[in-house]
Amino acid sequence: MRPLTTAVLVTVLATTVACEARGSVGSVSGEVRFGREVALPEGAVVTVKLLDTTLADAPSVELGLDVIENADRLPVRFRIEYDRDRVMSGNEYSLSADVRLGDDLLYTNDTVHFVLTRGAPADSDVVVVSINPFDTCVEPLPGQIHSGMDDEDLPREAVLHVRLIDVTDPQAWLVVADTTQGDLDRFPIEFSLPHEGVQISRHHRYELEAEIVAGDEILYHIIPGEEWRRIWLPHCPNADLQIVTSVFPASEFPEWGTDPSSGPDRATAEATIHAAVVRQLVEFNNTFGPDHRFAEVLIVDHVEAQAGDGEPEGERGASLTDGQRSAIRAAIEHLAPVRFIDNRRAYIRQDVLQPTIPGSVIITLGPVEFDNEGATVGADLWCGGLCGLRLTYRLAEEPEGWTVTGTEGPWSIS
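Residues numbered from 1 in each chain as written. Predicted model: local features only at pLDDT ≥ 70, side-chain atom pairs only at ≥ 80, totals over all residues. Heavy atoms only, no water.

J.: Would you mind going over the environment of Asp 371 with me for this structure?
T.: Within the element layout of this structure, Asp 371 appears in strand E29 (residues 369-371). Separated by 2.9 Å, the side chain of Asp 371 and the backbone nitrogen of Glu 373 make a polar contact. Side-chain polar atoms of Asp 371 contact the side chain of Arg 394, separated by 2.9 Å. (Helix = DSSP H or I, 4+ residues; strand = E, 2+ residues; numbered from the N terminus. Polar contact = N/O pair within 3.5 Å; in protein donor to acceptor, adjacent residues only side chain to side chain.)

Here it is in structure tokens:
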């Protein structure tokens, strides 16, 4: 009977061990996606890895991966299994993804996607960018024209002219696409630019020009100031990335006062002002010097009244509008990648008081306050530990747009 007892015991132990092993397996899932749906060449391979990236000065440790052979398009789903016993609550974990054709790298992620710990989600998509700097457009480029006069009917003969311009080389601007559209009715106006032969590069700078005319008379036009005309395009425009801008009555625009609350669109000025403040912080007043470049710029996605006055965290104010976000991206995307965040604490390692993304910086903006001399904006910049800056900027409206002219009141730097 002893051999039988031993055999039964071995079977029970083996079953118990197997159940424990299966119970210790976790998984992370999501999609690998580009800014739009794209077809992949035959034989493309998508690889997604779960990495322990706790130590910034040491190689990451792989906890699991998923390899999708012969992927035909993006987005594509993935699922990575990992050993739960290897995950520590105080460590930092993230996903990385790439798409290859043989030895050639086609797409890879250029932003960090945290998972599992420190308030990060259990699952996450991974956004990748193309290694080819140009994205070839495969459908018309959609957009919308807004105005503060949305309820006003346009004359029957009104015609819209729109031009998307590559302004990367200041000596040789290039019209990428243009269109003319009649039968306008009223705002907002939807339009589409032709895509044939159009390629968009996330490394280039683009501006949009638009005007509505009736015969030889300009009825509406886009405001001056490159910060507002600038369009940030990480890939070809599509339904999820439309080209959106505003036009204003040509008869009223030149008479704007310093306080845009008396003009057609206060939000337009606020967007330009916030963009100028962020650029001043990132490029010139970053505590490191004008040649410093951050790995990524994290912008708190709402204003806080205490920004600039030394308070560590202020009361949540209005969310940044799409126009403000677009203007900010346009102002600094040539200096560093930009991300808008809801909760700054999720991007701070509390144990060492450092950004969770090495080399990044967190910026908090205050509301725009207009007065007879122009405008003021409080701002905070934090780059880790005692590395930071708090101050209030003074801005004036110049012919080329809103410009930082100095600071006002006390400010601190560390």
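J.: Would you explain unusual backbone geometry in this entry?
T.: Trans peptide bonds make up most of the peptide bonds, and negative phi angles are found at most residues other than glycine. Across the junction of Leu 74 and Pro 75, the peptide omega takes the value 10°, indicating a cis bond. Following the sequence through the fold, Pro 75 ends up in the loop between strand E5 (73-74) and strand E6 (76-83). The linkage connecting Phe 187 with the following residue, Pro 188, adopts the cis geometry, with an omega of -10°. Mapped onto the elements of the fold, Pro 188 is located in the loop between strand E15 (174-181) and strand E16 (189-193). Phi is positive for Asp 183, which is not a glycine, with a value near 55°. Structurally, the position occupied by Asp 183 is in the loop between E15 and E16.

J.: Got a minute to help me understand helix H3 (residues 266-284) in this structure?
T.: It helps to recall that an α-helix has 3.6 residues per turn; residues three or four apart then point in one direction. Compared with an ideal rise of 1.5 Å per residue, which puts 19 residues at 27 Å, H3 spans 27 Å between its outermost C-alpha atoms and is within 8% of the ideal. Summarising burial for H3: 14 of the 19 residues are buried, a large majority. (Expected span 1.5 Å × (residues − 1). Buried < 20%, exposed > 50% of the residue type's maximum accessible area, 1.4 Å probe, protein only.)

J.: Mind showing me how you'd approach the packing of aromatic side chains here?
T.: In this description, an aromatic ring pair is defined by two values, namely the gap between the centres and the angle between the planes. Under the criterion given, the structure shown has four aromatic pairs. Seen in terms of ring centroids, Phe 34 and Tyr 107 are 5.4 Å apart; in terms of plane orientation they differ by 65°. Their pairing is edge-to-face. With a gap of 73 residues between them, Phe 34 in the loop between strand E1 (25-33) and strand E2 (38-39) and Tyr 107 in strand E8 (residues 104-108) connect regions that are remote in the sequence. Its relative accessible area of 12% is what places Tyr 107 among the buried residues. (Phe/Tyr/Trp six-rings, centres within 6.5 Å; stacked < 30°, edge-to-face > 60°.)

J.: Hey, could you run me through the nonpolar core in this one?
T.: As a rule of thumb, nonpolar side chains are buried together in soluble globular proteins. With 39 residues, the main nonpolar core has Leu 281, Val 297, Ile 299, Ile 363 and Leu 395 as its most contacted residues. Only H3, strand E22 (297-300), helix H4 (322-332), strand E25 (338-341), strand E28 (361-365), strand E30 (374-384), strand E31 (387-398) and strand E32 (401-407) provide two or more residues apiece to this core. With nine residues, the single largest contributor to this core is H3. Leave out the neighbours within four places in its chain, and Leu 395 touches Ile 273, Ala 276, Val 277, Glu 373, Gly 374, Ala 375, Val 377, Trp 402, Thr 403, Val 404 and Thr 405. (Core = buried A, V, L, I, M, F, W, Y, C linked by side-chain atoms within 4.5 Å. Contact = heavy atoms within 4.5 Å.)

J.: Where do I start with the sheet that holds E1 in this structure?
T.: For sheets, the rule is that strands pair by backbone hydrogen bonds, running either parallel or antiparallel. Taken together, the three strands give an open sheet; going across it, the order is E6-E1-E10, and neighbouring strands pair in mixed fashion. Strand pairing shows two members of the sheet lacking a second neighbour, E6 and strand E10 (126-127), which therefore form its edges. Of the pairings in the sheet, the one linking E1 to E10 comprises two bridges and is parallel in character. Paired with Arg 33 across the two strands is Val 127, which belongs to E10. (Pairing = 2+ DSSP bridges.)

J.: Explain the state of the cysteines to me, please; I cannot follow it from the model alone.
T.: Here, disulfide denotes a covalent bond that connects the sulfur atoms of two cysteines. According to the stated counting rule, one finds two disulfides in the structure shown. Sulfur-sulfur distance for the disulfide between Cys 137 and Cys 236 comes to 2.1 Å. Across the S-S bond of Cys 137 and Cys 236 the torsion is about -95°, and the bridge reads as left-handed. Of this pair, Cys 137 sits in the loop between strand E12 (134-136) and strand E13 (141-146) while Cys 236 sits in the loop between strand E20 (230-231) and strand E21 (243-249), and the two are 99 residues apart along the sequence. (Disulfide = S-S within 2.5 Å.)

J.: How should the pattern of salt bridges be read in this particular structure?
T.: Any two side chains of opposite charge can pair, so long as their charged atoms come close to each other. Summed over all chains, the structure comprises 20 salt bridges. Residue Arg 73 is joined to Glu 37 by a salt bridge in which the shortest nitrogen-to-oxygen separation is 2.7 Å. Of this pair, Arg 73 sits in strand E5 while Glu 37 sits in the loop between E1 and E2; the two residues are 36 residues apart in sequence, bridging distant segments of the chain. Residue classification places Arg 73 among the partly exposed positions, given a relative accessible area of 33%. Across the salt bridge formed by Arg 339 and Glu 296, the nearest N and O atoms sit 3.0 Å from each other. Separated by 43 residues along the polypeptide, Arg 339 in strand E25 and Glu 296 in the loop between H3 and E22 bring together distant segments of the chain. (Salt bridge = Lys/Arg side-chain N within 4 Å of Asp/Glu carboxyl O.)

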